[in-house]
Amino acid sequence: MKYTDINAKKWDEWSKEKWIWTVPITQDQYQEALNGSIKVYLTPQIPVPEEWFSNIRNKKILGLASGGGQQGPIFAANGADVTILDYSDAQLNAERIVAEREGYQINLVKADMSERLPFDDETFDMIFHPVSNTYIQDIMPLWKECYRVLKKGGHLLAGFTNPDIYLFDEELKVVNRLPYDPLANFNEEERQEVIKNEGLQFSHSFETQIGGQLKAGFKLVDLYEDKGTDDLSNYMSTFIATRAEK
Ligand SMILES: C[S@@+](CC[C@H](N)C(=O)[O-])C[C@H]1O[C@@H](n2cnc3c(N)ncnc32)[C@H](O)[C@@H]1O
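Position numbers for residues count from 1 along each chain, tracking the sequence in the order it is written. Totals for whole chains, interfaces and linings use all residues, but because this is a predicted model, local features are given only for residues with pLDDT of at least 70 and pairs of side-chain atoms are given and counted only at 80 or more. The basis for the side-chain values is all heavy atoms of the structure; hydrogens and waters are excluded.

Our focus in this paragraph is the overall build of the chain. Regarding its fold elements, the chain presents eight helices and seven strands. Taking 2.2 N^0.38 as the reference for a compact globule, 246 residues should give roughly 18 Å; the C-alpha atoms of the chain span a radius of gyration of 17 Å, in line with that estimate. Structurally, the chain occupies a C-alpha span of about 50 × 40 × 35 Å along its principal axes. For every residue, the accessible area obtained with a 1.4 Å probe (protein chains only) is divided by the maximum for its type, and the residue is called buried under 20%, exposed over 50%, and partly exposed between those limits. Out of the 246 residues belonging to the chain, those deemed buried represent 51%. Contacts were defined at the residue level, with two residues in contact if any of their heavy atoms lie within 4.5 Å. In the chain, once contacts between residues fewer than 6 apart in sequence are set aside, the share between residues at least 24 apart is 69%. When charges are counted, neither His nor the chain ends are considered; positive counts come from Lys and Arg and negative counts from Asp and Glu. By convention, charge coordinates are those of NZ in Lys, CZ in Arg, CG in Asp, or CD in Glu. Each charge class in the chain was averaged separately, 26 positive and 39 negative side chains, and the resulting centres sit 5 Å apart. Only DSSP runs of H or I covering at least 4 residues are called helices, and only runs of E covering at least 2 are called strands; the numbering of each starts at the N terminus. In this setup the radius of gyration rests on C-alpha atoms only. A globule is expected at 2.2 Å times the number of residues raised to 0.38.

Take a look at the structure:
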């Protein structure tokens, strides 16, 4: 089994357990979006600044690894033509449930973002990529794919973890070297233990996250930092969101 299949199954499990990133927005939240608000998240707590969006009506938006019925419905309510790519059946199903409940069209694509994206060159006006590339081992090919499927002048909005969070255990003791990569660096027993708890995650680095986008050809336009609700977030910013232009 590919490691990405293991992670997709983890997301199916977390969806059954109703983990926060699998619970679709409510009808009231959808109604607010119909009234013109665009409250979407690339990182846990701070909504993406509305000035990061130009008019999205009729724009083609790819929600990349963005299933769960949280961000896609908000874009759909604001008149965008939305495609959601995800590798978890349960996360795609959550999108389907919201679309049927609210009566809008959405394109759902089951695919593994570590592979070539199943879209033609220059298909999308915007890619919205909430924190998720921590579930793939090599992100450079993904940044290149994002560049390929975006139209010229299009924007890539991406959220990702601060790599430093992978240094620590829950007691905030330093227990890992970076880059954190349980596929490359753990023995089978250790690997099975992390799979049970958090799936296969990879820390990456600022060089591969921000530098990788620049190497793929993007121009960085803006960024902000955010925190989670975990203990470490009392001490440092644990997430970053970037806006980049093709
Ligand atoms: C933190 S969630 C992001 C979606 C969440 N609903 C949100 O809007 O923030 C991470 C998502 O990445 C997806 N994912 C993980 N590995 C993937 C892969 N290799 N290819 C595509 N999607 C993947 C998961 O299924 C999950 O839906």
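A few words on the pairing of strand β7 (residues 239–245). Counting buried positions along β7 yields six of seven residues, so the element is predominantly enclosed. Where strand β5 (residues 150–161) meets β7, seven bridges bridge the pair, whose relative direction is antiparallel. In the strand pairing of β7, Gly-159 is matched with Ala-241. With seven bridges connecting them, strand β6 (residues 219–226) and β7 associate as antiparallel partners. Bridge pairing in β7 places Asp-226 opposite Phe-239. When DSSP finds two or more bridges between a pair of strands, those strands are recorded as paired.

Attention now moves to the sheet that holds strand β1 (residues 60–64). Spatial ordering of the open sheet is given by β3-β2-β1-β4-β5-β7-β6, a layout of seven strands whose pairing is mixed. Both edges of this open sheet fall to β3 (107–110) and β6, since each of them pairs with a single strand only. Mean inter-strand twist for the sheet, computed between neighbouring axes without regard to direction, equals 15°. In this sheet, strand β2 (residues 81–86) lies alongside β1 in parallel orientation, the contact comprising five bridges. Looking across to β2, one finds that Gly-63 is bridged to Ile-84. For helices, the fitted axis covers only the stretch in contact; all axes are lines through C-alpha atoms, and the angles between them, taken along N-to-C directions, range from 0 to 180 degrees. Taken strand by strand, helix α4 (residues 89–102) contacts β2 and β3, and its axis lies near 175° from that of β3. Each of β5, β6 and β7 touches helix α8 (residues 206–216); the most contacted strand, β5, lies at about 175° to it.

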